[in-house]
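Below, each chain spelled out in residue letters.
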Amino acid sequence: MTDKVRVRFAPSPTGSLHIGGAHTALFNWLYARRHGGSFILRIEDTDMERSTKEYEQSILDGMRWMGLDWDEGPDVGGDYGPYRQSERMHLYKKYARQLLDEGKAYEQDGALFFKVEPGKRIHFRDEVYGNLDFLSENASVNQDGTIKDIVIIKRDGMPTYNYAVVIDDYTMGVNMVIRGEDHIINTPKQLLIYDALGFEAPGFAHLPMILGKDKKKLSKRQGATSVFEYSDMGYLPDGVFNFLALLGWSPKEGQEIFSREEAVKMFDVSAVTRKAAVLDMDKLNHINQEQMKIMEPMKLLAVIRPFWLEMGLDLSAFSDDYLASALHTMGGRGQTTKQLAEYSDYFISFDVVKARYDGSDIKEELRPKLKKIYGELLDAWGDGAPEHLHEKAQEIFAANESSMKESATPIRWAITGRKVSPGVFEVASQLGKEETKKRLEFYGLV
Ligand code: GLU
């Protein structure tokens, strides 16, 4: 194939971009970018009742959020437009006329039907499912098994999916169709129409279904939710991208965590599996966490910031450097951005610490000893580097016949209000001497 690759994602704007749609879009995008081709966005809005402009917009926004850019589409235009089916009626009419004139279609009850001739062999090679053969009499059948001619234009004048998709893919120069496996059964019908119009058919690659953890079709509860809900739950676009890319495909290099650019380099459609892929949230959590770890600090800050604000934290007193460094101090904790924002709240607010921890568990008889130790530690602060603080603490604890457990636990509670946190000297170092002192003072520990 010397032609430039042209693939398309063809959503119906009857809902926002959910995980299944995002998966299909992503594989088309990967294929286009891998082959230096064009990725087209076509809006299949012939269901006038259920299609809305709001859903169309939300699909575009969802794709942008995922980092899937398109070369041609309703918003950016292109040489093969228009990119909404509702604006392509003249084409559906034109080819319907051709079929009528050639006796390959007929009108009945105000609708146009494509005549399915028996005895034709339909063959196509699917990049994923291999060689597939059908007989025309099985391509479209009634309940009783007799041949069912295919409606191409409905009584309301709108084209049907199986017809419009052929006209559009052909007139838009699409040469590879990548879509969900549920469309394999439609492919023979479409191929009959290609053949009748004398169009060269594109290549096909059907993608395995995505199932919920219960091995059933995705439901709202099982992840068939809009990509924006994933954003709200604290998943990164990079995490969702990486996770979806691994549903039904894996690089032969075995790499599991990768960027978009790496995925493009490694992508191979013939390595897509036929087996249904299961949406495993544990895996998404893991991938998301790994993606957070390799994210640029300032980019990570940009996604964490809204979560902090939503928690009611006031960030105005802090520089971006401080906040990004606080996130770095978290050392990869948290599987979602939401968790990371929650776990790191004490870097921004002492009020949240006070609300969590009242200090009543500190034994009175231990206080004088702790006060002495923490006082000495603050005096030995120096440059405040975590290693320095750690070293000094070890000396001071030993000199006062105290242990890490005895002396490091209260300070952790006092500065974070949590039982679990990054290394206590890292946290103290990040907070700085004054803030650390203030918090210790509040709990009567210096
Ligand atoms: N609008 C169809 C769908 O959303 C497109 C199917 C296709 O890619 O051919 O299922």
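Small disclaimer: the values here were computed from a predicted structure and weren't measured.

Engineer: For this particular structure, what's the right way to read the layout of surface pockets?
Structural biologist: Considering only enclosed or pocket space, the largest pocket measures out at about 1000 Å³ in volume. Lining the largest pocket are 37 residues; nearest its centre among them are His18, Gly20, Gly21, Asp182 and His183. Of the residues forming the lining of the largest pocket, the biggest block, four residues, is contributed by helix α1 (residues 19-34). Looking at the lining of the largest pocket, its residues break down into 15 nonpolar, 14 polar and eight charged.

Engineer: Whenever I open this one, the packing of helix α3 (residues 89-101) against helix α5 (residues 161-171) confuses me. Can you help?
Structural biologist: A packed helix pair is summarised by two numbers, namely the angle formed by the two axes and the spacing between the axes. Remark: α3 packs on α5, axes separated minimally by 10 Å, with the N-to-C direction vectors making an angle of 105 degrees. When the axis of α3 is compared with that of α5, the two are roughly perpendicular. Taking contact as the criterion, the partners of Leu91, Tyr92, Tyr95, Ala96 and Leu99 in α3 are, on α5, Tyr163, Ala164, Ile167, Asp168, Tyr170 and Thr171. Its residues placed into classes, the contact of α3 with α5 shows nine nonpolar, one polar and one charged.

Engineer: Mind showing me how you'd approach empty space enclosed by the protein here?
Structural biologist: A probe matching the size of a water molecule, rolled over the atoms, marks out where space remains unfilled. Applying the stated criterion across every chain, the model contains one cavity of 30 Å³ or more. Space inside the largest cavity adds up to approximately 40 Å³. Lining the largest cavity, in full, are Tyr374, Leu377, Leu378, Trp381, Ile411, Phe425, Ala428, Thr436 and Leu440. Among the elements of the structure, α15 (367-379), α18 (424-431) and α19 (433-442) are those that each provide at least two residues to the lining of the largest cavity. Counting residues per element, the lining of the largest cavity draws most heavily on α15, which supplies three residues. Of the residues that constitute the lining of the largest cavity, the class distribution is eight nonpolar, one polar and no charged.

Engineer: Is there a simple way to explain the side chain of serine 136 in this structure?
Structural biologist: Topologically, serine 136 is positioned in helix α4 (residues 136-139). Here the side chain of serine 136 touches glutamate 137 through a polar contact of 3.3 Å, side chain to side chain. When neighbours within four sequence positions are excluded, serine 136 is seen to be in contact with Val116, Glu117, Pro118, Gly119, Lys120, Ile122 and Leu192.

Engineer: Hey, could you run me through the site of the ligand in this one?
Structural biologist: Near the ligand, the surroundings consist of Arg8, Ala10, Ser12, Glu44, Tyr161, Val165, Arg179 and His183. Arginine 8 is positioned with one of its side-chain polar atoms (N or O) 2.6 Å from an oxygen atom of the ligand. The contact in question runs from a nitrogen atom of the ligand to an N or O atom on the side chain of serine 12, over 3.2 Å. For the ligand, whose free accessible area comes to 300 Å², the fraction covered by protein is 77%.

Engineer: Is there a simple way to explain the sheet that holds strand β7 (residues 150-153) in this structure?
Structural biologist: Strand pairing in a sheet relies on backbone hydrogen bonds. The paired strands run either parallel or antiparallel. In spatial order, the strands read β3-β4-β7; together these three strands make up an open sheet with antiparallel pairing. Strands at the two margins of the open sheet, each flanked by one partner only, are β3 (105-108) and β7. The sheet shows a mean angle of 40 degrees between the axes of neighbouring strands, taken without regard to direction.

Engineer: Would you explain the pairing of strand β1 (residues 6-9) in this entry?
Structural biologist: Consecutive side chains along a regular strand alternate between the two faces of the sheet. Side-chain alternation along β1 places Arg6 and Arg8 on one buried face and Val7 and Phe9 on a second face that is also buried. With four bridges joining them, β1 and strand β2 (residues 38-41) adopt parallel strand pairing. Across the sheet, residue valine 7 finds its bridge partner in β2, namely phenylalanine 39.

Engineer: Teacher, can you tell me more about the packing of aromatic side chains here?
Structural biologist: In this description, an aromatic ring pair is defined by two values, namely the gap between the centres and the angle between the planes. Using the criterion set out here, one finds 19 aromatic pairs in the structure. Consider the rings of tyrosine 357 and tryptophan 413, whose centres lie 4.9 Å apart with planes at 25 degrees: the pair is stacked. With tyrosine 357 in the loop between α14 (351-356) and α15 and tryptophan 413 in helix α17 (residues 404-416), this pair connects stretches of sequence that are 56 residues apart. Linked through ring pairs, Phe350, Tyr357, Trp413, Phe442 and Tyr443 together constitute an aromatic cluster. The ring of tyrosine 80 carries the charged tip of arginine 6 above its face, separated from the ring centre by 3.7 Å. When the ring centre of phenylalanine 442 is taken as reference, the NZ or CZ atom of lysine 354 above it lies at 5.0 Å.

Engineer: How do you make sense of the pattern of salt bridges when you look at a structure like this?
Structural biologist: When the charged atoms of two side chains with opposite charge come close together, those side chains can pair. For the coordinates displayed, the defined rule picks out 34 salt bridges. Between arginine 6 and glutamate 72 there is a salt bridge whose closest N-O contact spans 2.8 Å. Here arginine 6, found in strand β1, pairs with glutamate 72, found in the loop between α2 (53-66) and α3; they are 66 residues apart in sequence, far enough to count as distant. Among the residues examined, arginine 6 registers a relative accessible area of 9% and is labelled buried. One salt bridge connects arginine 33 with aspartate 71, and the closest N-O pair in it is separated by 3.1 Å. With arginine 33 in helix α1 and aspartate 71 in the loop between α2 and α3, this pair connects stretches of sequence that are 38 residues apart. Because the salt bridges share partners, they merge into one network encompassing Arg8, Arg42, Glu44, Arg88, Asp168 and Asp169.

Engineer: Looking at this structure, how should I read the packing of helix α16 (residues 386-399) against α18?
Structural biologist: At a minimum axis distance of 8 Å, the contact between α16 and α18 shows a crossing angle of 120 degrees. Relative to α18, the element α16 is oriented oblique. Remark: the crossing between α16 and α18 carries right-handed chirality. Every residue of α18 that contacts α16 at Pro386, Leu389, His390, Ala393 and Phe397 is listed here: Phe425, Glu426, Ala428 and Ser429. When its residues are assigned to classes, the contact of α16 with α18 shows six nonpolar, two polar and one charged.

Quick notes on the rules
- Residues numbered from 1 in each chain as written.
- Predicted model: local features only at pLDDT ≥ 70, side-chain atom pairs only at ≥ 80, totals over all residues.
- Heavy atoms only, no water.
- 1 Å grid on protein atoms, 1.4 Å probe; cavity = no way out; pocket = protein on both sides within 12 Å on 5 of 7 lines; lining within 4 Å.
- Points joined across faces, edges and corners; volume = space filled by probe spheres on them.
- Helix = DSSP H or I, 4+ residues; strand = E, 2+ residues; numbered from the N terminus.
- Nonpolar A, V, L, I, M, F, W, Y, C, P; charged D, E, K, R; others polar.
- Axes fitted to C-alpha atoms, helices over the stretch in contact; angles between N-to-C directions.
- Parallel < 35°, antiparallel > 145°, perpendicular 65-115°, else oblique.
- Contact = heavy atoms within 4.5 Å.
- Polar contact = N/O pair within 3.5 Å; in protein donor to acceptor, adjacent residues only side chain to side chain.
- Near = heavy atom within 4 Å.
- Areas by Shrake-Rupley, 256 points an atom, 1.4 Å probe, with all protein chains shown as cover.
- Pairing = 2+ DSSP bridges.
- Buried < 20%, exposed > 50% of the residue type's maximum accessible area, 1.4 Å probe, protein only.
- Phe/Tyr/Trp six-rings, centres within 6.5 Å; stacked < 30°, edge-to-face > 60°.
- Lys NZ or Arg CZ within 6 Å of the ring centre and 35° of its normal.
- Salt bridge = Lys/Arg side-chain N within 4 Å of Asp/Glu carboxyl O.
- Left-handed = near helix turned anticlockwise from the far one by under 90°.

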